[in-house]
Amino acid sequence: MTHTFTPTRTVPPLPGTTLLGLTATTLLELGDAARQGFQTAALERFARHLGLTLADTLDLIRLSESTYHSYRRKGKPLSSDDSTQLYHLARVTEAAEAYFQSVTEAHRWLMTPRATFGDHTPLQFALLPGGAEYVTTVLSRLEHGVYT
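Residues numbered from 1 in each chain as written. Predicted model: local features only at pLDDT ≥ 70, side-chain atom pairs only at ≥ 80, totals over all residues. Heavy atoms only, no water.

Enquirer: What is the right way to read the pattern of salt bridges from this model?
Expert: Opposite charge on two side chains permits pairing when their charged atoms draw close. Overall, the coordinates contain four salt bridges when judged by the stated rule. For Arg35, the salt bridge goes to Asp32, with nearest N and O atoms at 2.5 Å. In this pair, Arg35 and Asp32 are both assigned in helix 2 (residues 27-36), three residues apart and thus about one turn of the helix distant. Put simply, Glu133 and Arg91 hold a salt bridge, and the shortest N to O gap is 3.5 Å. Placement of the pair is Glu133 in helix 9 (residues 131-143) and Arg91 in helix 6 (residues 80-100), with a sequence separation of 42 residues. For Arg91, a relative accessible area of 16% gives the class buried. (Salt bridge = Lys/Arg side-chain N within 4 Å of Asp/Glu carboxyl O. Helix = DSSP H or I, 4+ residues; strand = E, 2+ residues; numbered from the N terminus. Buried < 20%, exposed > 50% of the residue type's maximum accessible area, 1.4 Å probe, protein only.)

Enquirer: What am I meant to see in the layout of surface pockets here?
Expert: Here the largest pocket is characterised by a volume of approximately 160 Å³. Lining of the largest pocket is provided by Asp59, Leu60, Ile61, Arg62, Gln85, His120, Gln124, Leu127 and Leu128. Partitioning the lining of the largest pocket into residue classes produces four nonpolar, three polar and two charged. (1 Å grid on protein atoms, 1.4 Å probe; cavity = no way out; pocket = protein on both sides within 12 Å on 5 of 7 lines; lining within 4 Å. Points joined across faces, edges and corners; volume = space filled by probe spheres on them. Nonpolar A, V, L, I, M, F, W, Y, C, P; charged D, E, K, R; others polar.)

Rendered as structure tokens:
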């Protein structure tokens, strides 16, 4: 007799995806979405959530305003690299919000230069190679009482 597996719960979205309006629940789905490029609406949604201007958000991921407006006007998605950068920012934002349990406090922490991050903000540091992992590690350490 063959038994069919029926999941008993829904798979939660990957960290950072909800903030961007993505539905990816696996790394493969996220990778495919980033490779295809996120829609410009994901960047706008992220900027609104953090209370940043569009210009500040574009500056953060080092995307020129003219390139962004060209993508938007033509209905083209962001590049794979820009989409990946945006995902790293969203992931650390959600991690900070979970740790602080206050959107205001999390956003303040994310946008304040810290010695732990070489006097960069956690958002700036998250865009360095391995930076997002380090920022989430620092948040995890703080959660467990290990001050770094």
